[in-house]
Amino acid sequence: MTDLTKAHLDHRRVWREFDYCYPVISRRSRGLSLGVNLNPDKVCNFDCIYCEVDRTVPPRRKDLDLDLLDQELGLLLDLATSGEIYQIPPFDSAHPKQRRLNDIAFSGDGEPTTAREFADVVARVAHLKAQRELDLVKLVLITDSSRLGAPEVVKGLEILMANQGEIWAKLDAGTESFYREICRSQVPFERILDNLLATARRWPILIQTLFLDWRGQGPGEAELEAYCRRLEHILAQGGRLQAIQLYTVARPTPEPEARPLRRLELEAIAENLRSRLPGLPVDVYYGPEEWA
Ligand code: SF4
């Protein structure tokens, strides 16, 4: 926990009375990330056993008001670029190295690409960023990979990737059965794999993988083997992978048996992946030490 500040630990997706946009200090962004929540209704097409979205609390609203979203993001961009945000708790505890706006992330309380307005919002956000000449600030899509192949989503990806975009695509399993157990989605696993391959053939993508201790066990050897084969297949078929972000549960989940892997377990998995997939960086994000 030594490098974690209060700002790191405070990951609530809320900012004052805002409905859609929120700032976080993110380990994976190594700085400030402005989140754009396209799922205020908290609906998701996955039901991951480790999901941190609190669905016991009813949503404040269910609709997307794009003009209001613009206003909220504009205000946060102004606070971030002026540096004023680092005088406001908990961002006043951010380490000096974290006091940089790294990205605007399409994330939030569900799967962003399920929003009908996805491509429109990406275009609006890209415009706000261009107006402020924030060429170094990335646009990040954090996705469960289920809709990457839908034409209206591809339209949004084209805008994203023309504006310093990055696609962080979830893959938590190597086999259909493990995927069903962890992600509890009706989307066929085959579609996830097809989407990853098609997208990675067009643009480099980053694979986000959460492994955890589920009912007292981490992912077994056979699962890791199958997972590596999926990524090898993408590479062999001309897909480009930037890196794997390997992480574990970082905050308490609604499923008491979904627990973080210990540091040594996660490191052993990372080493396994590095030896199986040489040349592909594996960045590891550990769980909270007090759980270990
Ligand atoms: S994809 Fe994300 S928001 Fe949806 S259930 Fe999984 S962790 Fe939660």
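Look up: the structure comes first, before these words.
It should be emphasised that the depicted structure is a prediction, and the values quoted were computed from it without experimental measurement.

Quick notes on the rules
Residues numbered from 1 in each chain as written. Predicted model: local features only at pLDDT ≥ 70, side-chain atom pairs only at ≥ 80, totals over all residues. Helix = DSSP H or I, 4+ residues; strand = E, 2+ residues; numbered from the N terminus. Rg over C-alpha atoms; globule rule 2.2 N^0.38 Å. Buried ≥ 20, exposed ≤ 12 C-beta atoms within 10 Å, placed from the backbone. Contact = placed C-beta atoms within 7 Å. Core = buried A, V, L, I, M, F, W, Y, C linked by C-beta atoms within 7 Å. Near = placed C-beta within 6 Å. Nonpolar A, V, L, I, M, F, W, Y, C, P; charged D, E, K, R; others polar. Pairing = 2+ DSSP bridges. Axes fitted to C-alpha atoms, helices over the stretch in contact; angles between N-to-C directions. Arc of directions from axis to C-beta. Left-handed = near helix turned anticlockwise from the far one by under 90°. Parallel < 35°, antiparallel > 145°, perpendicular 65-115°, else oblique. Expected span 1.5 Å × (residues − 1).

Enquirer: Would you mind showing me how to read the overall build of the protein chain here?
Expert: Per the secondary structure count, the protein chain includes eight helices and 10 strands. Computed over its C-alpha atoms, the radius of gyration of the protein chain comes to 18 Å, within 12% of the 19 Å expected for a compact globule of 292 residues. C-alpha atoms of the protein chain, sized along the principal axes, occupy 50 × 45 × 40 Å. For the protein chain, the proportion of its 292 residues judged to be buried stands at 39%. For the protein chain, long-range pairs separated by at least 24 residues make up 80% of all intrachain contacts whose partners lie at least 6 apart in sequence.

Enquirer: Honestly, the nonpolar core in this entry has me stumped. Any pointers?
Expert: Generally speaking, a soluble globular protein has its nonpolar side chains buried in company with each other. Counting 75 residues, the largest nonpolar core has Cys21, Val36, Leu73, Ala80 and Ala169 as the members making the most contacts within it. With six residues, helix H2 (residues 66–82) is the single largest residue contributor to this core. If we skip the residues at most four places from it in the chain, Leu73 touches Cys21, Leu34, Val36, Val125 and Leu128.

Enquirer: Quick question: what am I supposed to make of the site of the ligand here?
Expert: Taken together, Cys44, Phe46, Asp47, Cys48, Cys51, Val53, Gly110, Glu111 and Asp144 make up all the residues around the ligand. For the shell around the ligand, the per-class residue count stands at five nonpolar, one polar and three charged.

Enquirer: Sorry, what's going on with the sheet that holds strand E3 (residues 101–107) here?
Expert: Strand pairing in a sheet relies on backbone hydrogen bonds, with the paired strands running either antiparallel or parallel. The eight strands lie next to each other as E1-E2-E3-E4-E5-E6-E8-E10, forming an open sheet whose pairing is mixed. On the outer flanks of this sheet lie strand E1 (21–26) and strand E10 (282–285), each paired with one strand and no other. Strand-to-strand twist of the sheet, defined as the mean angle between neighbouring strand axes without regard to direction, takes the value 25°. Here strand E4 (residues 138–143) pairs with strand E5 (residues 165–170) via five bridges, running parallel. Bridge pairing links Ile142 to Trp168 in E5.

Enquirer: Looking at this structure, how should I read the pairing of E1?
Expert: Both faces of the sheet carry side chains from a regular strand, because those side chains alternate between them. In terms of burial, E1 is largely enclosed, as six of its six residues are buried. Here E1 shows two buried faces, one formed by Cys21, Pro23 and Ile25 and the other by Tyr22, Val24 and Ser26. Where E1 meets strand E2 (residues 31–37), six bridges bridge the pair, whose relative direction is antiparallel. Across the sheet, Val24 pairs through a bridge with Ser33, a residue of E2.

Enquirer: How do you make sense of unusual backbone geometry when you look at a structure like this?
Expert: One can expect most non-glycine residues to show negative phi and most peptide bonds to be in trans. In this structure, the amide linkage connecting Pro89 to the following residue, Pro90, adopts the cis form with an omega of 0°. At Lys42, a position not held by glycine, the phi torsion is positive, near 65°. Within the fold, Lys42 resides in the loop between E2 and H2. Note on Lys42: 18 C-beta atoms within 10 Å, which makes it partly exposed.

Enquirer: What exactly am I supposed to notice about helix H5 (residues 176–183) here?
Expert: Helical geometry: 3.6 residues make up each α-helical turn, so side chains three or four residues apart lie on a common side. The complete set of buried residues in H5 reads Tyr179, Ile182 and Cys183. One side of H5 carries all its buried residues, which in axial view fall inside an arc of 80°. Looking at the buried residues of H5, the elements they touch are helix H6 (189–202) and strand E7 (213–214). Positive backbone phi, at 45°, marks Arg184, one or two positions downstream of H5.

Enquirer: What's the story with the packing of H2 against helix H3 (residues 118–131) in this structure? I'm lost.
Expert: Relative placement of two packed helices is described by the angle separating their axes and the distance separating the axes. Orientation of H2 relative to H3, taken along the N-to-C sense of each, is 35°, at an axis distance of 11 Å. The two elements H2 and H3 cross, and the hand of that crossing is right-handed. Contacts from Leu66, Leu69, Asp70, Leu73, Gly74 and Leu77 in H2 reach Asp120, Val121, Arg124, Val125 and Leu128 in H3. Here the residues of the contact of H2 with H3 sort into seven nonpolar, one polar and three charged.

Enquirer: Sorry if this is basic, but what is going on with the packing of H3 against helix H4 (residues 151–161) here?
Expert: In the contact formed by H3 and H4, the axes pass within 8 Å of each other and the chain directions differ by 10°. When the interaxial angle is binned, H3 and H4 end up roughly parallel. Side by side, H3 and H4 meet where Phe118, Ala119, Val122, Ala123 and Ala126 of the first sit next to Glu152, Val153, Lys155, Gly156, Ile159 and Leu160 of the second. Taken together, the residues of the contact of H3 with H4 break down into eight nonpolar, one polar and two charged.

Enquirer: When you look at the environment of Val249 in this model, what are you seeing that I'm missing?
Expert: By the secondary structure assignment, Val249 is in the loop between strand E8 (241–247) and strand E9 (258–259). C-alpha separation for the pair Val249 and Asp78, spaced 171 residues apart in sequence, amounts to 32 Å. Contact partners of Val249, with chain neighbours within four places excluded, come to Tyr50, Leu212, Ala258, Arg259, Pro260 and Gly287.

Enquirer: Can you walk me through H2 in this structure?
Expert: For H2, with 17 residues, the first-to-last C-alpha span of 24 Å sits near the 24 Å given by 1.5 Å per residue. Restricting attention to buried positions, one finds in H2 the residues Leu69, Glu72, Leu73, Leu76, Leu77, Leu79 and Ala80. End-on view of H2: buried residues confined to an arc of 165°, all on one side of the axis. Opposite the buried face of H2, at more than 90 degrees from it, the exposed residues are Asp67, Asp78 and Ser82. In the stretch just after H2, Gly83 is the one whose phi turns positive, near 90°.

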